[in-house]
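Summary of the model geometry
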Amino acid sequence: MLRIYFRRFTKAVLWFMGGSVLLVLIFRVVPPPGTALMVERKIESWFNGEPIDLQRTWKPWDEISDDLKVAVIAGEDQKFPEHWGFDFGAIQAALAHNELGGTVRGASTLSQQVSKNLFLWSGRSWLRKGLEAWFTGLIEVFWPKQRILEVYLNSVEWDDGVFGAEAAARHHFGISAKNLSRQQSSLLAAVLPNPRVWSASHPTSYVSRRAGWIRQQMSQLGGDSYLIGLNDSRRAPWSQ
């Protein structure tokens, strides 16, 4: 009996692995029609009795402001071009910080956030973390960095039910994602740690200060030129 269960379990794991690889390969070229987080928000609205209108319009790489691309990297994951999905230095720093108590600091890279938002549910269970690591590894292997950032910018939440750069630009500033200015981009990047509480169009003093810091980081990174060669910025893990 145990042998039968083990065989079934092994078969299920292999089917899951094969299916997830296929899904990641498809989304390398096909825009994801939605995200797991969008589904979660919709289900939440049914349970709490507060209807939510999900807003999202996919925009390809060339139709999103370069300032927003750099601002998000500057504010969320400055080692994004270099790592293979995990920033182990940031993880160690977050663990050390969290051991001291007080506010909890995260260390998720943009790649991890794409994996979580696109494929998984919210939460902190070991199962979800393990699946997040699996999908992060897959997209880092099969997607170029530009694609990871493109999917991130089209999937991240910027207010209740507002997903992606295009919907965020129109919701907060009444313009398209392609026309976002440097300041507007920095404000959008500044609220990402808590987009359902902070507003890019009505920033608190903290958000404004954070946006100013992000603009400084954008300049130090080299501005738009930082995106040149994004897909060729990583070294093989065994060469590090």
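Residues numbered from 1 in each chain as written. Predicted model: local features only at pLDDT ≥ 70, side-chain atom pairs only at ≥ 80, totals over all residues. Heavy atoms only, no water.

- In the nomenclature of an unreviewed UniProt entry, the protein chain corresponds to Biosynthetic peptidoglycan transglycosylase from the organism Pseudomonas mohnii.
- Under the Pathway (unreviewed entry) heading, UniProt states for the protein chain: "Cell wall biogenesis; peptidoglycan biosynthesis."
- The UniProt entry for the protein chain carries the following text under Sequence similarities (unreviewed entry): "Belongs to the glycosyltransferase 51 family." (UniProt positions renumbered as here; feature names shortened; annotations may be inferred.)

**Notes on the packing of helix 1 (residues 2-29) against helix 6 (residues 126-142)**
- Two elements in contact, helix 1 and helix 6, have axes whose closest approach is 10 Å; the angle formed by their N-to-C orientations is 45°. Taken together, the axis directions place helix 1 and helix 6 in an arrangement best described as oblique. The two elements helix 1 and helix 6 cross, and the hand of that crossing is right-handed. Here Phe16, Met17, Ser20, Val21, Val24, Leu25 and Arg28 of helix 1 lie close against helix 6, whose contacting residues are Leu131, Trp134, Phe135, Leu138, Ile139 and Phe142.
- By residue class, the composition of the contact of helix 1 with helix 6 is eleven nonpolar, one polar and one charged. (Axes fitted to C-alpha atoms, helices over the stretch in contact; angles between N-to-C directions. Helix = DSSP H or I, 4+ residues; strand = E, 2+ residues; numbered from the N terminus. Parallel < 35°, antiparallel > 145°, perpendicular 65-115°, else oblique. Left-handed = near helix turned anticlockwise from the far one by under 90°. Contact = heavy atoms within 4.5 Å. Nonpolar A, V, L, I, M, F, W, Y, C, P; charged D, E, K, R; others polar.)

**Quick notes on the nonpolar core**
- Ranked by internal contacts, the top residues of the largest apolar core, which has 49 residues, are Leu68, Val72, Trp143, Leu149 and Trp158.
- Looking at this core element by element, the count peaks at six residues for helix 3 (residues 66-76).
- Not counting chain neighbours up to four residues away, the residues in contact with Val72 comprise Asp77, Leu110, Leu149, Tyr152, Leu153, Trp158, Ala189 and Leu192. (Core = buried A, V, L, I, M, F, W, Y, C linked by side-chain atoms within 4.5 Å. Buried < 20%, exposed > 50% of the residue type's maximum accessible area, 1.4 Å probe, protein only.)

**Digging into helix 2 (residues 36-48)**
- An ideal rise of 1.5 Å per residue puts 18 Å on 13 residues; helix 2 measures up with 18 Å between its terminal C-alpha atoms.
- Here helix 2 has its buried residues at Leu37, Met38, Glu40, Arg41 and Ser45. For helix 2, the arc enclosing every buried residue in end-on projection is 160°, short of the 170-degree limit, so these residues lie on one face. In helix 2, the exposed positions that point more than 90 degrees away from the buried face belong to Trp46 and Phe47. (Expected span 1.5 Å × (residues − 1). Arc of directions from axis to C-beta.)

**Side note on the side chain of Asp87**
- Structurally, Asp87 is set in the loop between helix 3 and helix 4 (88-99).
- Apart from the residues within four sequence positions on either side, Asp87 is in contact with Lys79 and Thr109.

**Observations concerning the packing of helix 3 against helix 9 (residues 182-190)**
- Closest axis-to-axis distance for the helix 3/helix 9 pair is 8 Å, and the angle between their directions is 40°. Note on packing geometry: the crossing formed by helix 3 with helix 9 is right-handed. Contacts between helix 3 and helix 9 involve Asp67, Leu68, Ala71, Val72 and Glu76 from the former and Arg182, Ser185, Ser186, Leu188 and Ala189 from the latter.
- Tallied by class, residues from the contact of helix 3 with helix 9 come to five nonpolar, two polar and three charged.

**Examining a nonpolar patch on the surface**
- Taken together, the side chains of Phe9, Val13, Leu14, Phe16 and Met17 define a hydrophobic patch exposed on the protein surface, amounting to about 450 Å² of accessible area.
- Here Leu14 is to be found in helix 1.
- For Leu14, a relative accessible area of 54% gives the class exposed. (Patch = residues over 30% accessible without salt bridge, like charges linked within 9 Å, V, L, I, M, F, W, Y side chains within 5 Å. Areas by Shrake-Rupley, 256 points an atom, 1.4 Å probe, with all protein chains shown as cover. Salt bridge = Lys/Arg side-chain N within 4 Å of Asp/Glu carboxyl O.)

**Quick notes on the packing of aromatic side chains**
- For the coordinates displayed, the defined rule picks out four aromatic pairs.
- One aromatic cluster in this structure is built from Phe16, Phe27, Phe119 and Phe135.
- One cation-aromatic arrangement involves Lys69 over Trp61; the distance from NZ or CZ to the ring centre is 3.8 Å.
- Here Lys145 stacks its cationic end above the ring of Phe80, 4.3 Å away from the centre of that ring. (Phe/Tyr/Trp six-rings, centres within 6.5 Å; stacked < 30°, edge-to-face > 60°. Lys NZ or Arg CZ within 6 Å of the ring centre and 35° of its normal.)

**Concerning the pattern of salt bridges**
- By the definition in use, this model includes twelve salt bridges.
- Of the charged contacts in the structure, one is a salt bridge between Asp66 and Lys69, with a shortest N-O distance of 2.9 Å. You can see Asp66 and its partner Lys69 sitting in helix 3, three residues apart, about one turn around the helix.
- Taking the relative accessible area as the measure of exposure, Asp66 reaches 32% and is therefore partly exposed.
- The exposure class assigned to Lys69 is buried, which follows from its relative accessible area of 1%.
- For Arg170, the salt bridge goes to Glu166, with nearest N and O atoms at 2.7 Å.

**Comments concerning the confidence of the model for the protein chain**
- Taken over all residues, the pLDDT of the protein chain has a mean of 90, while the share at 70 or more is 90%.
- Mean pLDDT per element in the protein chain: helix 4 is the minimum at 63, and helix 9 is the maximum at 98. (pLDDT = per-residue confidence, 0-100.)

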